[in-house]
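Coordinate analysis (summary)
Here is what each chain is made of, one letter per residue.
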Amino acid sequence: MTHYPFPDSRGTKIALAAFFTAMLFLARDSMFTTAVIGFEKAQFLMLGVICLLGVAFLIVNRRNLLQILKDRRMIVAGIAAAVLLLPMLVKRDWQLMYFSVLLCLLTAVFLSYFLTLRDAAKYYVVIMSVLGAYSVLAAYILRIGVDSGAYAVPVFRNSMGFEFHNFFLSIVPDTYVKNRNFGIFREPGVYQFFLITALYLNNYEVEWKKPWQLWLVNGILAVTMVSTFATGGVAEMGLLAVVLFFDKKWYREFRRVLFRSVSIARKNALYWEIYDMAIGKFANGRDSSVERMDAIMTDISIFLHHPIFGAKIAEVLYATANNTTSTLILFSAFGIPAALLHIACWVALVWRNERKIWVNLALVVILFMSFNTQNLIADVFLWLFPVMALVERGLPLIWKE
């Protein structure tokens, strides 16, 4: 696979780190997008950031423009455009959502021209680790000074009217579920998707020079995940720990850590918070679990009535009070071709022939759990790493270079 990299310099690394950070803050599911910057403004800013990087890429590679246009990555871009825009044309459903989802895929294809999946993953994991550590600090330490009146930070309201403190690199709820960590995202259930993605990439894609770096990042991300009190996220992390326990043969480390963690946790309120989140929610039939089951059944019904190109987007999104199943939304709103492309991308990211089948299947299930508790179909990070994996690992299987 031919790459057209930027010069290997400190300036390039800073610029790319700034790009990934900006993409996180301007993503559709960032609280800064939905409540601080403003949705339309944030989307234009994101498009501007992508275009700015695109212009820089073309300038650096101005002598390779013809080769870039003839690159086989353009086939993936063409297929993505076909499977996402053809349903819009067939249904005459003139919604910008089709282009928003397409932009996510094209952004991933574009990054694959000059970044490997492992390089992109490392930027993401490092940034998420820094933001994660800061979000825990803001949620449980820095907020003490605000609550006591020692100092103040800007306050804003989200779309539901709840007040949040803006700590600039993290937001903290004032009274609404104030024990939960939102990070920079619109809700903890969204934050967990970004965290479990980072945990997967950290353990299976990122290459660290020292073992302690891997464990430090895992620790930060794990603590951050627990602080969200997201049922799905903690369950996914637990399943990932089991897979790593056997796949990476981390028997001694996990035995020791697990024993100490449970022993300490049982002595304080955190244990019972997690217990209620993991077990009590299902035992008591909380609203969120009922809504998610309703979304699953609704999307399946719509898909069965419109299997090829899906139903109109508005019909799908408003068919139930809270449609939260990304994969089934793709099936019901875009039809079989687009949904299968989505699945193929995630399988390309996870699947390795040298691994045991149960490990591959378990990892696929864990990641699918993470983005099927929220509607993330138009968030660039739902597509970024899977599409890069499809380009990097799928194309060479079709065309031997």
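**Let's talk about the overall build of the protein chain**
What the protein chain contains, in helices and strands, is 18 helices and 3 strands. Counting over 401 residues, the protein chain shows a buried share of 48%. Taking contacts inside the protein chain between residues at least 6 apart in sequence as the whole, the part at least 24 apart equals 72%. Total accessible area computed for the protein chain in this model is approximately 19400 Å², and 67% of it derives from carbon and sulfur atoms.

**Description of the nonpolar core**
One broad trend across soluble globular proteins is that nonpolar side chains are buried collectively. Among the nonpolar cores identified, the biggest contains 114 residues, and Leu24, Phe114, Tyr124, Met128, Phe334, Phe381 and Phe385 are the most heavily contacted of them. Among all residues touching phenylalanine 334, those that are not within four sequence positions of it are Leu84, Pro87, Tyr98, Val101, Ile308, Phe309, Gly310, Ile313, Ile329 and Ile377. The next biggest cluster of nonpolar side chains, apart from the first, holds 5 residues, and it includes Ala138, Val146, Val153 and Phe167.

**Quick look at the packing of aromatic side chains**
The description of two aromatic rings rests on the distance between their centres and on the angle between their planes. On inspection of all chains with the given rule, the structure shows 28 aromatic pairs. Judged by centre distance (4.0 Å) and plane angle (10°), the rings of phenylalanine 162 and tyrosine 176 are stacked. Here phenylalanine 162 is found in the loop between strand 1 (155–157) and strand 2 (163–166), whereas its partner tyrosine 176 is found in the loop between strand 3 (171–173) and helix 8 (188–204), with 14 residues between them in sequence. Take phenylalanine 162: its relative accessible area is 28%, and that puts it in the partly exposed class.

**Observations concerning the packing of helix 5 (residues 73–91) against helix 16 (residues 336–350)**
If you want to describe how two helices pack, look at the angle between their axes and the distance between the axes. The N-to-C vectors of helix 5 and helix 16 enclose an angle of 135°; their axes lie 8 Å apart at closest approach. The angle between helix 5 and helix 16 falls in the class oblique. Regarding helix 5 and helix 16, the two cross each other, and that crossing is left-handed. The residues of helix 16 that touch helix 5, namely those facing Ala80, Val83 and Leu84, are Pro337, Ala338 and Leu341.

**Focus on the side chain of glutamine 192**
Here glutamine 192 is to be found in helix 8. Excluding residues that lie within four positions of it along the chain, glutamine 192 makes contacts with Met225, Ala230, Gly232, Gly233, Glu236, Ser370 and Thr373.

**Side note on the sheet that holds strand 2**
Pairing in this open sheet of 3 strands is antiparallel, and the strands run 1-2-3 from one edge to the other. Each having just a single partner strand, strand 1 and strand 3 make up the two edges of the open sheet. Here the strands of the sheet are splayed against their neighbours by 35° on average, with no regard to which way each runs. As paired strands, strand 1 and strand 2 are joined by 3 bridges and run antiparallel to one another. Counterpart to phenylalanine 156 in the pairing with strand 2 is phenylalanine 164. Contacts between helix 7 (residues 117–148) and the sheet are confined to strand 2 and strand 3, with strand 3 contributing the most and set at about 70° to the helix.

**Section: a nonpolar patch on the surface**
Among the surface-exposed residues, Leu86, Leu89, Val90 and Trp94 lie close enough to one another that they form a single nonpolar patch of about 420 Å² accessible area. Note on placement: leucine 89 falls in helix 5. Taking the relative accessible area as the measure of exposure, leucine 89 reaches 48% and is therefore partly exposed.

**Examining helix 7**
If you check helix 7, its first and last C-alpha atoms are 45 Å apart, about what 32 residues at 1.5 Å a residue would give, namely 46 Å. Two residues or fewer past helix 7, glycine 149 is found with a positive phi of approximately 85°.

**Details of unusual backbone geometry**
Positioned with a positive phi, arginine 92 is a non-glycine residue whose angle comes to about 55°. Despite not being glycine, valine 177 has its phi angle at roughly 35°, a positive value. Here valine 177 shows up in the loop between strand 3 and helix 8. For valine 177, a relative accessible area of 29% translates into the label partly exposed.

**Focus on the packing of helix 8 against helix 17 (residues 357–371)**
Where helix 8 meets helix 17, the closest approach of the two axes is 8 Å, and the angle between their N-to-C directions is 155°. Taken as axis vectors, helix 8 and helix 17 run roughly antiparallel relative to one another. Along this stretch, helix 8 crosses helix 17, giving a crossing that reads as left-handed. Taking contact as the criterion, the partners of Gln192, Phe193, Ile196, Tyr200 and Tyr204 in helix 8 are, on helix 17, Val359, Leu363, Ile366, Leu367, Ser370 and Phe371. A per-class count over the contact of helix 8 with helix 17 returns 9 nonpolar, 2 polar and no charged.

**Some thoughts on the pairing of strand 2**
The turn joining strand 1 and strand 2, which pair antiparallel and follow one another in sequence, is formed by 5 residues; a positive phi near 90° is taken by glycine 161. What sits between strand 2 and strand 3 in their antiparallel hairpin is a turn of 4 residues, with phenylalanine 168 showing a positive phi close to 75°.

**Here we look at the environment of glutamine 67**
Of note, glutamine 67 is situated in helix 4 (residues 65–69). Linking glutamine 67 and threonine 2, residues 65 residues apart in sequence, is a C-alpha distance of 9.9 Å. Those residues in contact with glutamine 67, other than ones at most four positions away along the chain, are Thr2 and Tyr4.

Each value, and the rule that gives it
All residue numbers refer to position in the chain's written sequence, counted from 1. Under the rules for a predicted model, residues below a pLDDT of 70 receive no local features and side-chain atom pairs below 80 are neither given nor counted, while totals for whole chains, interfaces and linings still include all residues. Just so you know, side-chain values use all the structure's heavy atoms and leave hydrogens and water out. Here a strand is any run of E in DSSP of at least two residues, a helix any run of H or I of at least four, and the numbering for each starts at the N terminus. Classification of residues uses two cut-offs on accessible area relative to the type maximum, computed with a 1.4 Å probe and protein chains only: under 20% is buried, over 50% is exposed, and between them is partly exposed. By the convention used here, residues are in contact when the closest approach between their heavy atoms is within 4.5 Å. In short, Shrake-Rupley with a 1.4 Å probe defines the accessible areas, and a residue's cover is counted only from the protein chains shown. The criterion is simple. A nonpolar core is a set of buried Ala, Val, Leu, Ile, Met, Phe, Trp, Tyr and Cys residues joined through side-chain atoms within 4.5 Å. Each Phe, Tyr or Trp ring (for Trp, its six-membered ring) is paired with any other whose centre lies within 6.5 Å, and the angle between the two planes then decides the class: stacked below 30 degrees, edge-to-face above 60, tilted in between. Each axis is a line fitted through C-alpha atoms, taken for helices only over the stretch in contact, and angles between the N-to-C directions span 0 to 180 degrees. Roughly parallel covers angles under 35 degrees, roughly antiparallel covers those over 145, roughly perpendicular covers 65 to 115, and oblique covers all other angles. For any helix crossing, the convention is left-handed if the near helix is rotated counterclockwise from the far helix by under a right angle, and right-handed if that rotation is clockwise. By definition, two strands form a pair when at least two bridges between them are found by DSSP. Two joining distances apply to patches: 9 Å for like charges and 5 Å for nonpolar side chains (Val, Leu, Ile, Met, Phe, Trp, Tyr), and every residue must have over 30% relative accessible area and no salt bridge. One side-chain nitrogen of Lys or Arg within 4 Å of one carboxyl oxygen of Asp or Glu is enough to make a salt bridge. Here a helix's expected span is defined as the number of its residues, less one, multiplied by 1.5 Å. Amino acids outside the nonpolar list (Ala, Val, Leu, Ile, Met, Phe, Trp, Tyr, Cys, Pro) and the charged list (Asp, Glu, Lys, Arg) are all regarded as polar, and Gly is one of them.

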